[in-house]
Structures are given as C-alpha cells and as structure tokens.
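Given next are the chains, with one letter for each unit.
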Amino acid sequence: MPMIALAAALVISGQATTPPPQRAGSNLTRDLNSAPPSATPPAASTAAPPQAPTQAPARATSQALPPIGQTPAASPRPAPAASSATRTTQAQPPIGQSPAATTRPQTPAPTTAAPQATTPQPTTTAPAATPPAAAPAPAALNAAAIAALPFSIQLPTGLTVTPARAGANANIYRVQRGDQTLLMIYAGPSSQFPIYDGETVRAGGRASVVVTEGSRRLAMEHLFQRATDPKEIHVWIASVEGADRDLAERIGQSIDVK
C-alpha cells in the first residue's frame, strides 16, 4: 500500500511539472532566429490575428420556464398599431393625359337695378254715404180731412187722428192724445180681425169682441165690412188701462162706416 500511494504522488507531480504548450507565435520567432544570416528576414505579416468567433449575445429577456410536465402557455402577440392617418386615394389620370382642370363655379356679378321713378297716384276719397233723411212724421188730420175719411168718428177735444201707411191700398189711423195712442183704425182690403179673445157679438152692421171685466162688459174691437173700397174697417183698443181704456172704448163705439 505505501508503494501505491508513492507511485500516485509521482504521477501527480509529473503532470504538474509538464511545461505548457508554446504558442504558434513563439515557434515562428524561433524559426526566424534560426535562419542563416545572409537571408533577409521576411516582412512581418500584417494580417490581423485570428479573432475568436463572436458568440450571439444572450437574450436580455429571460423567459420563465414552466414546471416539468406542463405545456408552456402561448404568449399573445401584440396587435399591430392601427394607423390613425387615413390615406386618401386620388384617382390618377391615364399615362399621357394631363389631369383635368377643376372648374370653379362662377359667381354672377351683382346687378344694381336703377331705381324707377314712382309717380304719386292721386288719392281719390269716396264721398261718405249720406244716410237717407228720415221721413217726416205724418201730421195730424184737420177737420176737413177727418170728414173725408170712409168712416165717421166722434173725437173729443184734445185728441187727434194721425194717418200711417199699412200696405197697398191700406191705411192705419191712430187716435192719440199727445204721444199716447188710445185707439187704432185699419182701412183696407183685409184685416187681422179678431185680435182679442172674447165673445163675438154681431149687431148694427158690425162684429164686436166683448170681454167681461168684473161687473161690466167692454167691446175691445169692431169689424165693419163694405161693398166698396176699403172693404174692411177694423177698430181696436190700444194697450191702455184705467180711464184711458174707458175713453178709447167710447170712441170706438162712436165709429160708423159711410
């Protein structure tokens, strides 16, 4: 055993004392120095010493490896950035042709119309319509005109007879005291007899409508008929009360046809 250990120590020491291999440059210098003196030493080689092959730099980004037995997840690729600029495609004219000139709209020149002279027209004012003159109020009949009537009447003092038109071939007469009408008389072809409701009594060539008021009877209207014009004479009491009513009845009772 001590011999084996000694042999191993010798082997290790022999390997440690082995000189290192010499470089190729040292061999070249040795060869040059060993050349004969008459020989011209060759020019030093300008060639660059061989460079060691350049290794690709390691990736700066280290990728984490998945655990053993798992499939690495696919890394999503970044979507290309959409270009915000919109390209405008302009139609190019065919080769050999000049682009058509753009026609600009023509603006018509403003026209200034000469002011026309205005001839003032004469203003004609229509005359205001004149309202027709009111017909004068009919005048009361005098004694001669009353005597010419187709009927006779006993007229107390202070009362008048005023005529008024009532239609074709007809007349109306008002027995008045001032502006108050007491009795109406119609002379024409056809009357509206009877006006009042009451008892119709025929006597003395007339038809009378009699009404009873309390203890007395009043003849409110009378109708006379003739063979010549006026065909009918109609007498009726106006809307009066009291003493005027009694007076109007007495005047009506006094009328007779001629």
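Residues numbered from 1 in each chain as written. Predicted model: local features only at pLDDT ≥ 70, side-chain atom pairs only at ≥ 80, totals over all residues. Heavy atoms only, no water.

Novice: Please clarify how the pattern of salt bridges should be interpreted in this entry.
Specialist: Side chains that differ in charge, positive against negative, can pair when their charged atoms come close. In this structure the tally under the stated criterion is five salt bridges. Among the salt bridges present, the one from Arg-217 reaches Glu-199, with a minimum N-O distance of 3.1 Å. Linking Arg-217 in strand S7 (residues 216-225) with Glu-199 in strand S5 (residues 199-203), this pair joins segments that are 18 residues apart in sequence. Judged by relative accessible area, which is 42%, Glu-199 ranks as partly exposed. Two residues, Arg-245 and Glu-213, come together in a salt bridge whose shortest N-O distance is 2.6 Å. Of this pair, Arg-245 sits in helix H4 (residues 243-253) while Glu-213 sits in strand S6 (residues 206-213), and the two are 32 residues apart along the sequence. Note on Arg-245: relative accessible area 13%, which makes it buried. The exposure class assigned to Glu-213 is partly exposed, which follows from its relative accessible area of 31%. By sharing partners, the salt bridges in this structure join Glu-213, Glu-241 and Arg-245 into a single network. (Salt bridge = Lys/Arg side-chain N within 4 Å of Asp/Glu carboxyl O. Helix = DSSP H or I, 4+ residues; strand = E, 2+ residues; numbered from the N terminus. Buried < 20%, exposed > 50% of the residue type's maximum accessible area, 1.4 Å probe, protein only.)

Novice: Can you help me understand the environment of Leu-247 in this one?
Specialist: When you line up the elements, Leu-247 lands in helix H4. Remark: the alpha-carbon pair of Leu-247 and Pro-156, spanning 91 residues in sequence, is separated by 9.3 Å.

Novice: What should I look at first to understand the packing of aromatic side chains in this one?
Specialist: Each aromatic ring pair is described using two quantities: the centre-to-centre distance and the angle formed by the ring planes. Counting across every chain of the model gives one aromatic pair. Judged by centre distance (5.8 Å) and plane angle (70 degrees), the rings of Phe-151 and Tyr-173 are edge-to-face. Remark: Tyr-173 occurs in strand S3 (residues 170-177) and Phe-151 occurs in strand S1 (residues 151-152); sequence separation between them is 22 residues. (Phe/Tyr/Trp six-rings, centres within 6.5 Å; stacked < 30°, edge-to-face > 60°.)

Novice: Any chance you could explain the side chain of Glu-221 here in plain terms?
Specialist: Secondary-structure assignment places Glu-221 in strand S7. Arg-245 is the oppositely charged side chain nearest to the buried, salt-bridge-free Glu-221, at an N-O distance of 11 Å. Within polar-contact distance, the side chain of Glu-221 engages the backbone nitrogen of Tyr-196 at 2.7 Å. One polar contact links Glu-221 to His-234, side chain to side chain, over a distance of 2.8 Å. (Lys, Arg positive; Asp, Glu negative; His and termini not counted. Polar contact = N/O pair within 3.5 Å; in protein donor to acceptor, adjacent residues only side chain to side chain.)

Novice: Would you mind showing me how to read the side chain of Asp-244 here?
Specialist: Mapped onto the elements of the fold, Asp-244 is located in helix H4. A relative accessible area of 18% means that Asp-244 is categorised as buried. With near-sequence residues (within four places) excluded, Asp-244 lies in contact with Arg-177, Gln-180 and Leu-182. (Contact = heavy atoms within 4.5 Å.)

Novice: Explanation requested: the confidence of the model for the protein chain in the structure shown.
Specialist: Any segment with low pLDDT has predicted coordinates that should not be analysed in fine detail. In the predicted model, the protein chain carries a mean pLDDT of 74, and 48% of its residues have values of at least 70. Below pLDDT 50 for its whole length, residues 38-48 participates in one contact with residues either more than four positions away or in separate chains. Throughout residues 56-62 the model reports pLDDT below 50, and contacts reaching past four residues in sequence, or to other chains, amount to zero contacts. (pLDDT = per-residue confidence, 0-100.)

Novice: Teacher, can you tell me more about the pairing of S7 here?
Specialist: The side chains of a regular strand alternate, first on one face of the sheet and then on the other. Burial analysis of S7 places seven of its ten residues in the buried class, which makes it a mostly covered element. Alignment of S6 against S7, held across eight bridges, turns out to be antiparallel. Bridging across to S7, Thr-212 finds its partner in Arg-217. Hairpin remark: S6 followed by S7, antiparallel, with two residues in the connecting loop; positive phi at Gly-214, about 70 degrees. Strand direction decides the pairing type here: S7 and strand S8 (residues 232-237), joined by five bridges, are antiparallel. Residue Glu-221 lies in a different strand from S8, and its bridge partner there is Trp-236. Connecting S7 to the next strand, S8, in antiparallel fashion are six residues. (Pairing = 2+ DSSP bridges.)

Novice: Explanation requested: the sheet that holds S7 in the structure shown.
Specialist: For sheets, the rule is that strands pair by backbone hydrogen bonds, running either parallel or antiparallel. Reading across from one edge, S2-S3-S4-S8-S7-S6-S5 is the order of the seven strands in this open sheet, with antiparallel pairing throughout. Across the chains shown, the open sheet's two edge strands, defined by having one partner strand only, are strand S2 (160-167) and S5. Averaged over all adjacent pairs, the angle separating strand axes in this sheet is 25 degrees, with direction ignored. As paired elements, S5 and S6 share five bridges and run antiparallel to each other. When the sheet's bridge partners are listed, Glu-199 is paired in S6 with Val-210. (Axes fitted to C-alpha atoms, helices over the stretch in contact; angles between N-to-C directions.)

Novice: Would you mind showing me how to read H4 here?
Specialist: Owing to its 3.6 residues per turn, the α-helix aligns residues three or four sequence positions apart on the same side. If you check which residues of H4 are buried, you get Asp-244, Arg-245, Leu-247, Ala-248, Glu-249, Ile-251 and Gly-252. Those residues of H4 that are buried are in contact with S3, strand S4 (180-188), S6, S7 and S8.

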